[in-house]
Amino acid sequence: MPQTKAEPYPDAFIKGLWRENPVFVMLLGMCPVLAVSNTVLNALSMGLAATFVLVMSCALVSLLRRFIPKQVRIATFIIIIATFVTMVDFAIQAISLDVYNALGAFIALIVVNCIILGRAEAYASKNDPVRAVIDAAGMGLGFTLALLCLGSVRELLGFGTFLGFNVFGPHFEGWSVLILPPGGFFTLGCWLLLISWMNKRKARLAESEAA
Amino acid sequence: MPTTESLPEIFLNACLINNFVLSMFLGICPFLGVSGKFETATRMGMAVMFVMLVSSVCASGINWLLIRVGAEYLRLICYIAVIASAVQLVEMFLKKFSPALFRALGIFLPLITTNCAILGVALFQTQKGYDLIQCIVYALGAGAGFTLALTIMAGLRESLELADVPDVVKGTALTLMVAGILSLAFMGFQGLSG
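Below: a short report on this structure. Bear in mind the structure is a predicted one, so any value in this text is a computation, not a measurement. Here, residues in each chain are numbered from 1, in the same order as that chain's written sequence. By the order in which they are written, chains take letters starting at A while ligands take numbers starting at 1. Local features are withheld for residues below a pLDDT of 70 in this predicted model, meaning they are given only at 70 or higher, and side-chain atom pairs are given and counted only at 80 or more; totals for whole chains, interfaces and linings count all residues. To obtain the side-chain values, all non-hydrogen atoms of the structure were included, while hydrogens and water were left out.

**Notes on the overall build of chain A**
Okay, step 1: By the criteria applied, helices consist of DSSP H or I runs no shorter than four residues and strands consist of E runs no shorter than two, each listed in order from the N terminus. Within chain A, the secondary structure is distributed over eight helices and two strands.
Okay, step 2: For chain A, the N- to C-terminal ordering of α and β elements is α-α-α-α-α-α-α-β-β-α.
Okay, step 3: Only C-alpha atoms enter the radius of gyration, while the globule expectation follows 2.2 Å times N to the 0.38, with N the number of residues. Taken over C-alpha atoms, the radius of gyration comes to 19 Å for chain A, in line with the 17 Å a tight globule of 211 residues would show.
Okay, step 4: Over its C-alpha atoms, taken along the principal directions, chain A stretches across nearly 60 × 60 × 25 Å.
Okay, step 5: Exposure is judged per residue with a 1.4 Å probe applied to protein chains only, and the accessible area is read against the type maximum: over 50% gives exposed, under 20% gives buried, and values in between give partly exposed. Residues classed as buried in chain A amount to 49% of the 211 residues present.
Okay, step 6: Contacts are residue-level and defined by heavy atoms, with any inter-residue pair within 4.5 Å sufficient. For chain A, the proportion of contacts with a sequence separation of at least 24, taken over those separated by at least 6, is 74%.
Okay, step 7: Surface exposure of chain A reaches about 10,200 Å², of which carbon and sulfur atoms provide 70%.
Okay, step 8: Positive and negative side-chain charges in chain A, numbering 15 and 12 respectively, have mean positions lying 10 Å apart. Note on areas: these come from Shrake-Rupley sampling with a 1.4 Å probe, and a residue is covered only by the protein chains present in the view. Charge assignment in this entry is limited to Lys and Arg as positive and Asp and Glu as negative, and neither His nor the chain termini are counted. Here the site of a charge means NZ on Lys, CZ on Arg, CG on Asp, or CD on Glu.

**Things to note about the overall build of chain B**
Okay, step 1: When its secondary structure is counted, chain B shows nine helices and zero strands.
Okay, step 2: Counted from the first residue to the last, chain B has its helices and strands arranged as α-α-α-α-α-α-α-α-α.
Okay, step 3: Relative to the 2.2 N^0.38 estimate, which gives 16 Å for 194 residues, the radius of gyration of chain B is 18 Å and therefore close to what a compact globule would have.
Okay, step 4: On chain B, the mean spot of the 10 positive side-chain charges and the mean spot of the 10 negative ones are 11 Å from each other.

**As for the packing of aromatic side chains**
Residue and element names in this part refer to chain B.
Okay, step 1: Centres within 6.5 Å are what make two rings of Phe, Tyr or Trp a pair, Trp counting through its six-membered ring; a difference in plane orientation under 30 degrees is then read as stacked, over 60 as edge-to-face, and the rest as tilted. Overall, the coordinates contain eight aromatic pairs over all chains when judged by the stated rule.
Okay, step 2: Centroid distance F20 to F124: 6.3 Å. Interplanar angle 90°. Geometry classified as edge-to-face. Here the residue F20 occupies a position in the loop between α1 (7-17) and α2 (28-33), and F124 occupies one in helix α7 (residues 116-128), the gap between them amounting to 104 residues.
Okay, step 3: Judged by relative accessible area, F124 falls into the buried class, the value being 12%.
Okay, step 4: Aromatic pair F186 and F189: ring centres 5.4 Å apart, planes at 65°, arrangement edge-to-face.

**Considerations on helix α8 (residues 132-160) of chain B**
Okay, step 1: Helix length check: α8 of chain B, at 29 residues, gives a terminal C-alpha distance of 42 Å against a target of 42 Å (1.5 Å per residue), a fit within 8%.
Okay, step 2: Contacts described as polar in this section are N or O atom pairs within 3.5 Å, which, within protein, must combine one atom able to donate a hydrogen with one able to accept it, while residues neighboring in sequence count only if both atoms come from side chains. Put simply, D131 of chain B is the residue that caps the front of α8 of chain B, since its side-chain oxygen is 3.3 Å from the backbone nitrogen of I133 of chain B. Each residue after the first adds 1.5 Å to the expected span of a helix.

**Here's the deal with the side chain of E91 of chain B**
Okay, step 1: With respect to the secondary-structure elements, E91 of chain B resides in helix α4 (residues 75-97).
Okay, step 2: Of the side chains with opposite charge, K95 of chain B comes closest to the buried, unpaired E91 of chain B, at an N-O distance of 6.2 Å. Salt-bridge detection follows one rule: a side-chain nitrogen of Lys or Arg within 4 Å of a carboxyl oxygen of Asp or Glu.

**A word on the packing of helix α8 (residues 181-210) of chain A against helix α9 (residues 172-186) of chain B**
Okay, step 1: The axes are straight lines fitted to the C-alpha atoms, using for helices just the contacting stretch, and the angles between their N-to-C directions are given from 0 to 180°. Running from amino to carboxyl end, α8 of chain A crosses α9 of chain B at an angle of 165°, the nearest separation of the two axes being 8 Å. In terms of their interaxial angle, α8 of chain A and α9 of chain B are classed as roughly antiparallel. Every pair of crossing elements has a handedness; the one defined by α8 of chain A and α9 of chain B is left-handed. From α8 of chain A, P181, P182, F185, F186, L188, G189, C190, L192 and L193 of chain A reach across to α9 of chain B, where they touch T172, A173, L176, M177, A179, G180, I181, S183 and L184 of chain B.
Okay, step 2: Residues are grouped as follows: nonpolar covers Ala, Val, Leu, Ile, Met, Phe, Trp, Tyr, Cys and Pro; charged covers Asp, Glu, Lys and Arg; every other residue, Gly included, is treated as polar. Split by residue class, the contact of α8 of chain A with α9 of chain B holds 14 nonpolar, four polar and no charged. Note on terminology: angles under 35 degrees are roughly parallel, angles over 145 are roughly antiparallel, angles of 65 to 115 are roughly perpendicular, and the others are oblique. With the far helix as reference, a near helix turned anticlockwise by less than a right angle produces a left-handed crossing, and one turned clockwise produces a right-handed crossing.

**Focus on the packing of helix α4 (residues 73-95) of chain A against helix α6 (residues 114-124) of chain A**
All names here are of chain A.
Okay, step 1: Interaxial distance between α4 and α6 falls to 10 Å at its minimum, and their mutual angle equals 130°. Viewed along their axes, α4 and α6 adopt a mutual orientation that is oblique. You can see that α4 and α6 cross each other, and the crossing is right-handed. Across from R73, I74, F77, I78 and I81 in α4, the residues of α6 making contact are I116, L117, A120 and E121.
Okay, step 2: Here the contact of α4 with α6 is built from residues that sort into seven nonpolar, no polar and two charged.

**Describing the environment of A12 of chain A**
Okay, step 1: Position of A12 of chain A relative to the elements: it lies in helix α1 (residues 9-17).
Okay, step 2: A relative accessible area of 0% places A12 of chain A in the buried class.

**Observations regarding the pattern of salt bridges**
All names here are of chain A.
Okay, step 1: Following the criterion strictly, the structure yields four salt bridges over all chains and no others.
Okay, step 2: The partner of R73 in a salt bridge is E121, with the nearest N and O atoms 3.0 Å apart. Of the two residues, R73 sits in helix α4 while E121 sits in helix α6, which places them 48 residues apart along the sequence.
Okay, step 3: With relative accessibility at 24%, the residue E121 sits in the partly exposed group.
Okay, step 4: A salt bridge links R119 to D135, with the shortest nitrogen-to-oxygen separation between them at 3.0 Å. With R119 in helix α6 and D135 in helix α7 (residues 129-159), this pair connects stretches of sequence that are 16 residues apart.
Okay, step 5: Under the relative-accessibility criterion, R119 is labelled buried at 4%.
Okay, step 6: Look at D135 and you get buried, because its relative accessible area is 1%.

**Considering the interface of chain B and chain A**
Interfaces are frequently sized by the accessible area removed from exposure as the parts join.
Okay, step 1: Contact with chain B, which involves 34 residues of that partner, is made by 34 residues of chain A.
Okay, step 2: As a working definition, buried area equals the accessible area (1.4 Å probe) given up by two parts on being put together, with both sides summed. Considering only the side of chain B, the residues that lose the most area to chain A are F25, V168 and L176 of chain B, jointly responsible for 21% of the buried surface there.
Okay, step 3: Run the count over chain B and chain A and you get zero salt bridges.
Okay, step 4: The interface formed by chain B and chain A holds zero residue pairs in polar contact (both at pLDDT 80 or more) in total.
Okay, step 5: Contributions of two or more residues to the side of chain B that touches chain A are made by α2, α4, α7 and α9 of chain B.

And the structure:
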């Protein structure tokens with residue numbers, strides 16, 4: 001993707017949220033999205049953890065971009081990312097053991113999340129630190145947004161709750177399939193379906209306006 | 001802590017009951033990316049299985065070493081480094097001894113580094129406290145499960161090519177729905193765990 005030097009700051013931030021949303025549009029980092037989105041709390045913690053790692057490692061990569069030799073850049077990026085992931089891993093363990101147990105190995109697996117390596121390689125290693133941080137924050141929040149989209153649907157319909165509060169009253173029978181692994185695939189499939197339908201509709205409207 | 005699971009139990013557990021792709025969501029990227037053709041899917045599965053085996057054995061050794069020197073906090077960084085070098089090693093080895101297979105795998109080989117299933121195997125075997133033999137069986141089971149899921153998916157997608165589906169559903173959305181139904185089917189294996 002060609003990056004012009006003069007990309008305005010708001011644009012660098014907003015594109016990650018929707019137009020180039022890492023999950024819904026670019027289909028990156030699917031594993032944690034499917035795995036830890038069964039409740040809103042899990043989704044939120046995963047999103048924030050990944051955003052922290054993304055912002056910090058993009059900042060460091062961008063600061064060091066002139067000193068990292070081209071040949072070993074991927075290895076260097078991975079070591080930088082792994083360092084921040086280890087920090088997050090211990091931080092979550094200290095803040096809330098429940099969340100830590102619910103997320104399990106997926107915190108450590110942030111290392112191999114392709115969004116982070118992708119942004120470090122495609123954006124942070126070519127732009128100044130301020131832009132890199134803004135871009136990373138936008139992408140991270142876009143990732144969190146996608147996780148929340150899935151998490152809220154799955155928790156609302158699966159447990160009948162939102163962040164642990166009962167929404168539908170005591171007689172609601174949860175759709176337990178949405179909490180189980182297949183529910184992740186179905187929910188993400190439905191969101192992608194909705195987005196593709198909206199895009200098709202927009203294209204059709206634009207076409208009929210032009211005619 | 002040592003586990004009491006027998007070796008066939010570990011294999012079945014990794015391969016079917018807790019299938020890496022369909023019930024633990026590891027390695028979704030290659031699952032969606034290279035499941036278009038049956039041929040490539042089989043090759044990718046084999047490559048992943050092989051790298052899993054090598055990196056699992058290495059990780060098991062590294063873990064023992066790290067515990068000896070009391071530096072467990074370096075585990076993640078070491079594992080990633082081990083996996084990256086294992087992939088490199090496998091690549092060089094294949095290039096030297098089996099150029100035909102090397103050409104067949106092509107771009108898939110370096111991509112395996114960022115396959116989270118590989119790191120997943122290393123992390124879970126540490127969490128469960130497997131010894132070396134158990135690690136090898138676990139890695140083989142996980143690899144077999146990955147290959148199984150990938151080939152089933154590829155077979156289905158090849159047939160779907162010919163089916164008449166609505167325009168909106170085409171692409172990833174359809175693949176995800178099919179994966180959901182497959183995952184539902186694999187949940188039937190939960191009954192195997194006693």
